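Residues per chain are reported as follows:
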Amino acid sequence: MKRVLLIEDEKNMSRFIELELRREGFAVTTAEDGEAGLLLALHEGWDVVLLDVMLPRVGGFEVCRRIRDAKRVPIIMITARDRLSDRVEGLDSGADDYIAKPFAIDELLARMRAVLRREGDNRKGDTSALYYGELMLHADTRTIMRGSESIELTKREFALLEAFMKNPGRVLSREVLLDTVWGFDAVVDKNVVDVYVRYLRGKIDRGGEDSYIQSVRGVGYVMRR
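Fair warning: this is a prediction, and the values are worked out from it, not measured in the lab.

### Remarks on the pattern of salt bridges
So, step 1. Enumeration according to the criterion identifies 16 salt bridges in this entry.
So, step 2. Of the charged contacts, one joins R111 and D97 as a salt bridge, the two residues approaching to 2.8 Å between their closest N and O atoms. Here the residue R111 occupies a position in helix α5 (residues 105–125), and D97 occupies one in strand β5 (residues 97–100), the gap between them amounting to 14 residues.
So, step 3. Several salt bridges converge on common partners, so that one network encompasses E8, E10, D52 and K101.

If you want it as structure tokens, here you go:
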């Protein structure tokens, strides 16, 4: 299920869009001002951000710039301002697309599919990079990013995270993780997996949020949120 963040202060418009998107199978979270929307955008993982221009507290163009400075996520600006200069400013702020009110919901859905498709194509083009939520693991450069933040991992931690990111949603037993990360002939206790998962969680998770790596009692672990 694709996650959509809708930042829109007009309650009727926000509710209409939310209901229509939910009907199409999207998971939708809403924010009614730029400050709250920016906080959600920066601290959670989204597949698409729908962003109004005329927002209280922090304006839409500024919100767009600050999101784009921090992370790669498709942004569609939604606004009643349809002047060419406004569209140019929105795109220059980092938006992927721009739709003017009033609009048909089918047009919005088509634009969302287009930006999601482009994002998928971009990710496929980089075969050495893996993505999950806000996490990006680049095998060639051995870099880990959470949004705009670089994360330093040891060799074992990197290999462990890579194993999870290559198998999102799949439960991996301790035995499988031992074979993958330490090697099938390594003489180590299975408990070492638990220790390294704890280390890894401490580096990739944010406080107050569910861990990227969930425990499965009696079996092992799974990357799932």
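### Quick look at the nonpolar core
So, step 1. L161, F164, I213 and M223 are the most contacted members of the largest nonpolar core, which totals 27 residues.
So, step 2. Put simply, the parts of the chain that give this core at least two residues each are β6 (129–132), β7 (135–138), α6 (155–165), α7 (174–182), α8 (191–204) and β12 (220–223).
So, step 3. Among the elements that make up this core, the one with the highest residue count is α6 (6 residues).
So, step 4. Not counting the four nearest positions on each side in its chain, I213 is found in contact with F164, V197, L200, R201, I204, Y221, V222 and M223.
So, step 5. Grouped together as the second largest cluster of nonpolar side chains are 20 residues, A41, W46, C64 and I67 included.

### A word on the packing of aromatic side chains
So, step 1. Following the criterion strictly, the structure yields 3 aromatic pairs and no others.
So, step 2. Summarising the aromatic geometry, the rings of W182 and Y196 are spaced 5.4 Å apart at their centres and angled 80° between planes, so their arrangement reads as edge-to-face. Highlighted residues: W182 in helix α7 and Y196 in helix α8, separated in sequence by 14 residues.
So, step 3. With a centroid separation of 5.4 Å and an interplanar angle of 70°, the aromatic rings of Y196 and Y199 are classed as edge-to-face. Here Y196 pairs with Y199, and both are found in helix α8, just 3 residues apart, close to one helical turn.
So, step 4. Under the relative-accessibility criterion, Y196 is labelled partly exposed at 21%.
So, step 5. Since its relative accessible area comes to 41%, Y199 is described here as partly exposed.
So, step 6. An aromatic cluster is defined as three or more aromatic residues linked by ring pairs; in this entry it consists of W182, Y196 and Y199.
So, step 7. A cation over a ring is seen here: R3 above W46, with NZ or CZ 4.3 Å from the ring centre.

### Quick notes on the sheet that holds strand β10 (residues 172–173)
So, step 1. Read from one edge of the open sheet, 3 strands run β10-β12-β11, paired in antiparallel fashion. Edge positions in the open sheet fall to β10 and β11 (213–216), since each of these has one partner strand only.
So, step 2. The pairing of β10 with β12 spans 2 bridges and is classified as antiparallel. Bridging from a neighbouring strand, S173 pairs with G220 of β12.
So, step 3. Sitting on the sheet, α6 touches β10, β11 and β12, and the angle it makes with β12 is about 65°.

The rules behind these values
- Residues numbered from 1 in each chain as written.
- Predicted model: local features only at pLDDT ≥ 70, side-chain atom pairs only at ≥ 80, totals over all residues.
- Heavy atoms only, no water.
- Salt bridge = Lys/Arg side-chain N within 4 Å of Asp/Glu carboxyl O.
- Helix = DSSP H or I, 4+ residues; strand = E, 2+ residues; numbered from the N terminus.
- Core = buried A, V, L, I, M, F, W, Y, C linked by side-chain atoms within 4.5 Å.
- Buried < 20%, exposed > 50% of the residue type's maximum accessible area, 1.4 Å probe, protein only.
- Contact = heavy atoms within 4.5 Å.
- Phe/Tyr/Trp six-rings, centres within 6.5 Å; stacked < 30°, edge-to-face > 60°.
- Lys NZ or Arg CZ within 6 Å of the ring centre and 35° of its normal.
- Pairing = 2+ DSSP bridges.
- Axes fitted to C-alpha atoms, helices over the stretch in contact; angles between N-to-C directions.

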